[in-house]
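Residue-level structure breakdown
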Protein chains: 2
Amino acid sequence: MTDAFSFAIHARDGAARTGTFVTPHGGVQTPAFMPVGTLATVKSLDPDDLRTAGASMILANAYHLHLRPGDGLIRDLGGLHAFMHWDGPILTDSGGFQVFSLETLRTIGEDGVEFQSHVDGSRRTFTPESVMEIETNLGADVIMQFDHVIPGQSDAARARDASERSLRWLSRCQSALDAIVRRDTEGRSPQALFPIVQGGIHPELRREAARAIRSMGDWVGYGIGGLSVGEAKPDMYGMLEALDPELPADRPRYLMGVGFPEDLIEGVRRGVDLFDCVAPTRMGRNGTAFTSLGRLNIKRAEHRADPAPLDPDCSCTTCRRFSRAYLRHLYISDEILGLRLLSLHNVHFLIDLMARARSHIAAGSFDAWAREALARLATSLAPHAART
Amino acid sequence: MTDAFSFAIHARDGAARTGTFVTPHGGVQTPAFMPVGTLATVKSLDPDDLRTAGASMILANAYHLHLRPGDGLIRDLGGLHAFMHWDGPILTDSGGFQVFSLETLRTIGEDGVEFQSHVDGSRRTFTPESVMEIETNLGADVIMQFDHVIPGQSDAARARDASERSLRWLSRCQSALDAIVRRDTEGRSPQALFPIVQGGIHPELRREAARAIRSMGDWVGYGIGGLSVGEAKPDMYGMLEALDPELPADRPRYLMGVGFPEDLIEGVRRGVDLFDCVAPTRMGRNGTAFTSLGRLNIKRAEHRADPAPLDPDCSCTTCRRFSRAYLRHLYISDEILGLRLLSLHNVHFLIDLMARARSHIAAGSFDAWAREALARLATSLAPHAART
């Protein structure tokens, strides 16, 4: 690790661990959920909302910010931290997931990916080198390698091809980053490049990728990519179990794009330290709230006159202040405040879930707590659940 | 006045006055701008935002809340203060302005107005008596009478007809409110009924209305309605000048639906104490910011890389934290946070303008300040103004 980053594990309980990941912009108590600010804003929320919700590290997206407003502009304005007024740790996703999601708009080659901007239709090319330029312009604390992402149920041949290309691209990312750091030494905050373990749902490919990545360097942390992209849940959990002994025990592990409350608990149980997902804000804007008793659809008529908070077990600023009746009124009336209050609650819910996981890991009671929490969350599967 | 309300004037400067209007939910330093929370939410803002912006008294609308979610529901949930989590003073507009705005959807009679709900098309009737039921259900501190609102350039005959009907309706509002208070004594917070002076742009009608209203009782405060509805600005100012000597000097005067920064200054100069308008939030959502140098359109390309705040002379949480470049990025990218940050700035701007007016009235320097502020604001009329 460079001096600017460190990871100290304070306690373990089975494969679950709790620790502190230190970055140039502060520490992150792990396991942690990182809210996603795709376009340098966690949708509908203010940086102050994020602090109030207990967020420590947040995400932004290289693909989206490159297209709009442009990573060069953000660099000129002092980088992402200054631009979006977030002085805590930030991680940028490389855009791999986004450009590979543009099924019909992109051409993949060994050099990189040519794609069409979803904003203005212009042709663009991402290479490991160009992505490193973008991510250093943005200036996040942790920057993800440019990787080749494939659908969750791809066969072994396709998974191997993408995984091996991702390894070659990792090497190019590393060289490119080294060159940029040598070129621009002035006023730079240190950035840690995280490799991404690919390999689809094939345990042997996952293990191979992890070993190859480790052979390339002593990384500050490790991304686990290509999961939660259409594969079955047991496959995702199986990959985490296959990787647990392969990844260095003393480095943070980031399960990319995951997830829902139950996924977070299952991930922590398998040794994951960091998570991110757009679900809490996207679902909030769609009128759905996470609760300790499962999901709640605020649009339902049954909430019309309900004075209860979204979740009686929640201490967020939405639940401390507003009734389901008021939130439903806002949502039904298309009031912007409703989108924000539900997003705020959902983000707080996942952050708080990880805070609870940390305290149970420290107390050695993680497994019992996880079982109980998962059972309560499972009531969300019943259509009329999530009520007190 | 009832014991629950009082108004003390601390200083005068010409016709301008500064004072404290005390209500059951706290005091209001006047002159003051009241943000409008039509549907029990000041659009895009949180009650905490309003406190941060310095708001003391806010508005909500009887017409809109009667239709959605229903004033009975709000009563059952503890009234507007509890429902929207605002423990400061609230004023409700009676719905007169709204139902008379439904040009083709309403039938006016001496008893009241029959209209079609803009939400579900149902037929509804507002009478002075039904509006008092609605406003007592909502439970605001100040409730406005149900009045007959006419277009700003109506002739004297039409203005007299509407004004005289408004006087008869005031009498019925007063009787209805008295009956409700006698009927429901339990747990009620005192409410003050404000009459509304009508009379179009006809000074003699305005004076007649003011005298008739005063002959009917010693009111806690006085609304001035039917202005800022299409008449010329000098006509509006003329009506305020005609009314200044006719309204009791020791009672707050509320100029309804006004307005823009320059209107507030001109109103204060003519003895007005309270203002409200949807302009700051509506313009914020449309990408326009009030600034001390005139209006600023955040969508303009010239703000693309501008590190300056919206208004260098502003201390709001938007201006203290974010650049025009970031706000433009949010607005161009359809990010909800952009609508909130601009609304927050605009609301703060008008609240702060009134705070400055208060201090200049107290210092005896109101007139010089008003002239200077109006000159700076007038740069907004130039298309390329509002830049530092």
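Residues numbered from 1 in each chain as written. Chains lettered and ligands numbered in written order. Predicted model: local features only at pLDDT ≥ 70, side-chain atom pairs only at ≥ 80, totals over all residues. Heavy atoms only, no water.

1. Observations concerning the sheet that holds strand E12 (residues 196-197) of chain B
Residue and element names in this part refer to chain B. Strands sit in the order E4-E15-E14-E13-E12 across an open sheet of 5 strands; the sheet is parallel. One side of each edge strand has no neighbouring strand; the edge strands of this open sheet are strand E4 (32-35) and E12. Looking at chain direction, strand E14 (residues 253-255) and strand E15 (residues 274-277) are connected through 2 bridges and run parallel. Within E15, the position partnered with Leu255 by the bridge is Phe275. (Pairing = 2+ DSSP bridges. Helix = DSSP H or I, 4+ residues; strand = E, 2+ residues; numbered from the N terminus.)

2. Structural notes on the relation of the copies chain B and chain A
Taken as rigid bodies, chain B and chain A are interconverted by a rotation of 180° and an axial shift of 0.0 Å, the fit giving an RMSD of 0.0 Å. In the structure described here, the two chain copies are related by an operation that fits a two-fold rotation axis. Closest to the rotation axis within chain B is the C-alpha of Ile336 of chain B, separated from it by 3.8 Å. A share of 100% of the interface residues of chain B reappears at the interface of chain A, consistent with the copies meeting face to face through the same patch. (Least-squares fit on C-alpha atoms with pLDDT ≥ 70 in both. Contact = heavy atoms within 4.5 Å.)

3. Quick look at the packing of aromatic side chains
Across all of its chains, the model carries 29 aromatic pairs over all chains by this definition. The interplanar angle of 50° and the centroid separation of 5.6 Å between the aromatic rings of Tyr63 of chain A and Phe115 of chain A together place this pair among those described as tilted. Taken together, the positions of Tyr63 of chain A in helix H2 (residues 62-67) and Phe115 of chain A in strand E8 (residues 113-116) put the pair 52 residues apart, joining distant regions of the chain. Note on accessibility: Tyr63 of chain A and Phe115 of chain A belong to one class, buried. For the pair Phe5 of chain B and Phe21 of chain B, a centre-to-centre distance of 6.3 Å together with 25° between the ring planes defines the contact as stacked. Separated by 16 residues along the polypeptide, Phe5 of chain B in the segment before strand E1 (6-13) and Phe21 of chain B in strand E2 (residues 16-23) bring together distant segments of the chain. (Phe/Tyr/Trp six-rings, centres within 6.5 Å; stacked < 30°, edge-to-face > 60°. Buried < 20%, exposed > 50% of the residue type's maximum accessible area, 1.4 Å probe, protein only.)

4. A look at the sheet that holds E8 of chain A
All names here are of chain A. With antiparallel pairing, 3 strands are arranged side by side in an open sheet as E7-E8-E9. The outermost strands of the open sheet, each flanked by one partner alone, are strand E7 (106-108) and strand E9 (123-126). Direction aside, the axes of adjacent strands within the sheet are offset by 15° on average. Bridge count between E7 and E8: 3 bridges; the pairing is antiparallel. Among the inter-strand pairings, Ile108 is bridged to a residue of E8, identified as Val113. (Axes fitted to C-alpha atoms, helices over the stretch in contact; angles between N-to-C directions.)

5. Looking at the interface of chain B and chain A
Between chain B and chain A, the contact holds 36 residues from the first and 36 residues from the second. Buried surface at the junction of chain B and chain A, both sides included, amounts to about 3100 Å², of which 60% is carbon and sulfur. Counting across the chain B and chain A interface gives 8 salt bridges. Its salt-bridge partner being Glu335 of chain B, residue Lys43 of chain A comes within 2.4 Å of it at the nearest N-O pair. At the boundary of chain B and chain A, one finds 16 residue pairs in polar contact (both at pLDDT 80 or more). For the side of chain B that touches chain A, the secondary-structure elements that each account for two or more residues are helix H1 (47-52), helix H4 (80-84), helix H13 (324-332) and helix H14 (336-363) of chain B. Split into classes, the residues belonging to the side of chain B that touches chain A amount to 21 nonpolar, 5 polar and 10 charged. (Buried area = accessible area lost by both parts, 1.4 Å probe. Salt bridge = Lys/Arg side-chain N within 4 Å of Asp/Glu carboxyl O. Polar contact = N/O pair within 3.5 Å; in protein donor to acceptor, adjacent residues only side chain to side chain. Nonpolar A, V, L, I, M, F, W, Y, C, P; charged D, E, K, R; others polar.)

6. Let's talk about the confidence of the model for chain A
Chain-level statistics for chain A give a pLDDT mean of 94 and a share of 97% at 70 or above. Confidence metrics for the complex model read pTM 0.95 and ipTM 0.95. (pLDDT = per-residue confidence, 0-100.)

7. Structural notes on the side chain of Asn137 of chain A
Residues and elements named next belong to chain A. With respect to the helices and strands, the residue Asn137 is situated in helix H6 (residues 128-138). Judged by relative accessible area, Asn137 falls into the buried class, the value being 13%. Only 2.7 Å separates the side chain of Asn137 from the side chain of Asp71, close enough to count as a polar contact. For Asn137, the side chain forms a polar contact with the side chain of Arg75, separated by 3.4 Å.

8. Focus: the pattern of salt bridges
Applying the stated criterion across every chain yields a total of 78 salt bridges over all chains. With a shortest N-O distance of 2.6 Å, Glu241 of chain B and Arg270 of chain B are connected by a salt bridge. Note that Glu241 of chain B is positioned in helix H9 (residues 233-243) and Arg270 of chain B in the loop between helix H10 (261-269) and E15, a separation of 29 residues in sequence. Among the residues examined, Glu241 of chain B registers a relative accessible area of 45% and is labelled partly exposed. Among the salt bridges present, the one from Arg356 of chain B reaches Asp313 of chain B, with a minimum N-O distance of 3.1 Å. Of this pair, Arg356 of chain B sits in helix H14 while Asp313 of chain B sits in the loop between strand E17 (296-297) and helix H12 (317-321); the two residues are 43 residues apart in sequence, bridging distant segments of the chain. Here Arg356 of chain B falls in the partly exposed class, since its relative accessible area comes to 30%. Salt bridges linked by common partners bring Asp46, Asp48, Arg51 and Asp87 of chain A together with Asp49, Arg321 and Arg340 of chain B together as one network.

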